[in-house]
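Read off the chains here:
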Amino acid sequence: MDAIDAWSLIDIPWASLEGGIDAYLQCMIDRCTALFGASRASLFACAEGSQTFQLAAQSGGTKPLPGDAAIVRGIGIAGAAIANRRPLIMEERQPPTANLELDPFGEAEAITSSMIVPLDTGVGDIVGVLNVARGPGRSPFRENDLRLAMSLAAHIALAVNNATLIGRMDFAKRDAEMSYERLRKVLDHLGIGMVLVSREGIITHRNAQASLMLGMQEAVGSTFEEGLSNCSRILIEPAKSVLDAANRGEIKRISVGDRSNDRWWLLVGSPQPDGGVTIAIEDVSAFERSRHELERMTRLAEIGQMTAAIAHEIRNPLTGIISAAQMIVSSPDLSFEFGQMIEVEAKKLNALCDEFLEFARPVTLKLEPSYLASVIGRVIDQFCMHLPQSQVQVELKIEGAQPIIQLDTAKIEQVMRNLLRNAIQASEQGGKVLVTVRGNSATIKDGGHGMSAETLSNLFVPFFTTKANGTGLGMCVVKKAIQAHGGDITVRSELGKGTSVTLNFEGEN
Ligand code: ADP
Ligand code: MG
């Protein structure tokens, strides 16, 4: 045996060799040839998931094996050794054969003894096969040669396996990098600004749109607040506010409008599962412009529809005023009586103007955190002060815990006044109106005359009224205000039994 010993084979770190695993296998096969005093040796390795083992390295021999030499699992002597995971020693080679598939080591070269050792890591599939052969004049391989070859084969198998794993890791890394790149491109061309803020409050990513809209050129690595230093002033507070909400685990949306420049944005802060936060900003100017235009057109159409109805409503009191004025002119001694009549009719006109304006005006809300029950309680108190004792009794019932709701209290007071007025007007003397507040909802229930199916279906039609001096605008104002709050209204009524109106506001119960 050569001066070379088995340890020198185990010592070779394949990863540090220039040429990687291929150079390592060549080095191993050269040393194996020397170690075993072989005339030739070869190594076949298997591509992942394949049944074919390709020539990976060879050494010695008078004629090298062709580069495309291969062994198929289960076919030929080597193929059988792989399939059975059994190393073997062959004495006196079989008659030479030209069929590489059957015997890839075969060659018209005299061989007295050879070892075929599958590369077995002990887990998973066989990753290759090692063949070492001695020519004439050398003693045949013994059991201890085979044992040594098996441990070397196990060593080589591990290296091959590691190389495969590292290759797979490299591939996965490249794949991840490509996916990241694709995602980044998608994000950059999304039309929405995106900023990722870590749990510690540091900006980790921001896309091109965010740079534009929030002025975040050099922001990555700085705090969100620092990142906003070049941002338009109108966006700074809303951006901080959605960040704070997302840090508390809430998804928050804020729309920001710059009316002087006709620009609008929508900011959304969302918590991320890893504790970070995503801030998205979208320029919604075009959408808002068309929405405002649509609102304006709808309002104009409503106003147009109503003009005829208003003329009619105004004419009655006006006729009264004109007749009274004529009476005063012709009989000045009756001026006190007719003057009073003029005042009553003029007040009706004034009330009509108020209701009309309330209805025609676009609803803009001044929201503040409020308790629904407190707002309603206040209205009932004011209302009852002006009711004669015996007339109608109004009772407030508060059920369960009261959540804080975003309300425009002035608007809700107006809503309650309209609903209470209708309920009281429908009730008989001594009747009762019950107002129940439960979570986000309030129900106003009366035991009055109720509504016919026709009245019920016209309830929200502007100027529809069954009252001699009603305007028919009260319920329209109620509906508009409730919808502006994102809430809804349900009305149940039975003729002769009474009516109940339920208001539902958005929010957690
Ligand atoms: P107005 O009170 O000026 O008539 P509203 O819009 O408030 O106008 O109401 C429209 C109509 O709906 C009323 O004229 C009445 O016929 C009917 N209505 C509203 N609320 C009630 C109620 N609680 N009970 C019976 N009818 C009602
Ligand atoms: Mg009314």
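Remember, predicted model here, so these are calculated numbers, not experimental data. (Residues numbered from 1 in each chain as written. Chains lettered and ligands numbered in written order. Predicted model: local features only at pLDDT ≥ 70, side-chain atom pairs only at ≥ 80, totals over all residues. Heavy atoms only, no water.)

### A look at the pairing of strand S1 (residues 40-46)
We count it as follows: Think of it in three bands: with a 1.4 Å probe and only protein chains considered, a residue is buried below 20% of the maximum accessible area for its type, exposed above 50%, and partly exposed in between. Strands here mean DSSP runs of E at least two residues long; helices mean DSSP runs of H or I at least four residues long; both are numbered from the N terminus. Between any two strands, at least two bridges found by DSSP are needed for them to pair.
Of all 7 residues in S1, 7 are buried; the element is thus mostly enclosed. Two elements, S1 and strand S6 (residues 128-134), share 6 bridges in a ladder whose sense is antiparallel. When the sheet's bridge partners are listed, Phe44 is paired in S6 with Val129.

### Quick notes on the environment of Arg299
The following threshold applies: Two residues form a contact once any of their heavy atoms are found within 4.5 Å.
Mapping Arg299 onto the fold places it in helix H8 (residues 285-330). Residues Arg299 and Ala360, spaced 61 residues apart in sequence, show a C-alpha to C-alpha distance of 7.1 Å. Among all residues touching Arg299, those that are not within four sequence positions of it are Ala360 and Pro362.

### Some details on unusual backbone geometry
The phi dihedral of Asp262 falls on the positive side, at around 55 degrees, and the residue is not glycine. Within the element layout of this structure, Asp262 appears in the loop between strand S9 (252-258) and strand S10 (263-271). Classification of Asp262 by relative accessible area gives partly exposed; the value is 32%.

### Considering the packing of helix H9 (residues 335-360) against helix H13 (residues 474-484)
Note the following rule: Note on geometry: axes are lines fitted to C-alpha atoms, helical ones only across the stretch in contact, with angles between N-to-C directions running from 0 to 180 degrees. Orientation is classified from the angle alone, with under 35 degrees giving roughly parallel, over 145 giving roughly antiparallel, 65 to 115 giving roughly perpendicular, and any other angle giving oblique. Crossing handedness is defined as follows: a turn of the near helix away from the far one that is anticlockwise and smaller than a right angle gives a left-handed crossing, while the clockwise case is right-handed.
One way to put it is that H9 packs onto H13 with a least axis distance of 9 Å and a crossing angle of 30 degrees. When the interaxial angle is binned, H9 and H13 end up roughly parallel. H13 is crossed by H9, and the crossing has left-handed handedness. Facing Glu355, Glu358 and Phe359 of H9, the residues of H13 in contact are Gly474, Cys476, Val477 and Lys480.

### Concerning helix H2 (residues 20-35)
Inclusion rule: By definition here, a helix of n residues has an expected span of 1.5 Å times n minus one.
End to end, H2 covers 22 Å across 16 residues, agreeing with the expected 22 Å (1.5 Å per residue, within 8%). Among the residues of H2, Ile21, Tyr24, Leu25, Cys27, Met28, Ile29, Cys32, Thr33 and Leu35 are the ones counted as buried. A positive backbone phi angle near 55 degrees is found at Gly37, which sits one or two residues after H2.

### A look at the nonpolar core
Short version of the rule: We define a nonpolar core as any set of buried Ala, Val, Leu, Ile, Met, Phe, Trp, Tyr and Cys residues linked to one another through side-chain atoms lying within 4.5 Å.
Counting 35 residues, the largest nonpolar core has Leu372, Leu420, Val433, Val435 and Leu503 as its most contacted members. Only helix H10 (372-385), strand S14 (404-407), helix H11 (409-426), strand S15 (432-438), strand S16 (441-446), H13, strand S17 (488-494) and strand S18 (498-504) provide two or more residues apiece to this core. When sequence neighbours within four positions are dropped, the list of residues in contact with Leu372 reads Ile405, Leu407, Ile412, Val437, Gly439, Asn440, Ser441, Ala442 and Phe505. In this structure, Ala41, Val127, Phe141 and Leu152 belong to the second largest nonpolar core, which totals 28 residues.

### Observations regarding the site of ligand 1
Here is the rule: Being near a molecule or strand, for a residue, means having at least one of its heavy atoms within 4 Å of it. Think of a polar contact as two N or O atoms within 3.5 Å of one another; within protein, one of them needs to be a possible hydrogen donor and the other a possible acceptor, and neighboring residues in sequence only count if both atoms come from side chains. The Shrake-Rupley method, run with a 1.4 Å probe, gives the accessible areas here. Residue values count only the displayed protein chains as cover. The pocket and cavity definitions rest on a 1 Å grid over protein atoms only: a 1.4 Å probe that fits but cannot leave marks a cavity, an open set with protein on both sides within 12 Å along at least five of seven lines marks a pocket, and residues lining either have an atom within 4 Å of a point. Should more than half of a molecule's atoms lie within 2 Å of a pocket's or cavity's grid points, that molecule is taken to sit in it. Polarity classes work like this: nonpolar for Ala, Val, Leu, Ile, Met, Phe, Trp, Tyr, Cys and Pro, charged for Asp, Glu, Lys and Arg, and polar for all others, with Gly in that last group.
The full set close to ligand 1 counts 20 residues, and Asn422, Thr465, Thr466, Lys467 and Met475 are the nearest of them. Contact distances for ligand 1 include 2.6 Å between an oxygen atom and a side-chain N or O atom of Thr465. Contact distances for ligand 1 include 2.5 Å between an oxygen atom and a side-chain N or O atom of Thr466. In isolation ligand 1 has 520 Å² of accessible area, and contact with the protein removes 94% of it. Judged by the proximity of its atoms to the pocket grid, ligand 1 belongs to the second largest pocket. It is H11 that provides the largest number of residues to the shell around ligand 1, a total of 3 residues. The residue makeup of the shell around ligand 1, split by class, is 7 nonpolar, 11 polar and 2 charged.

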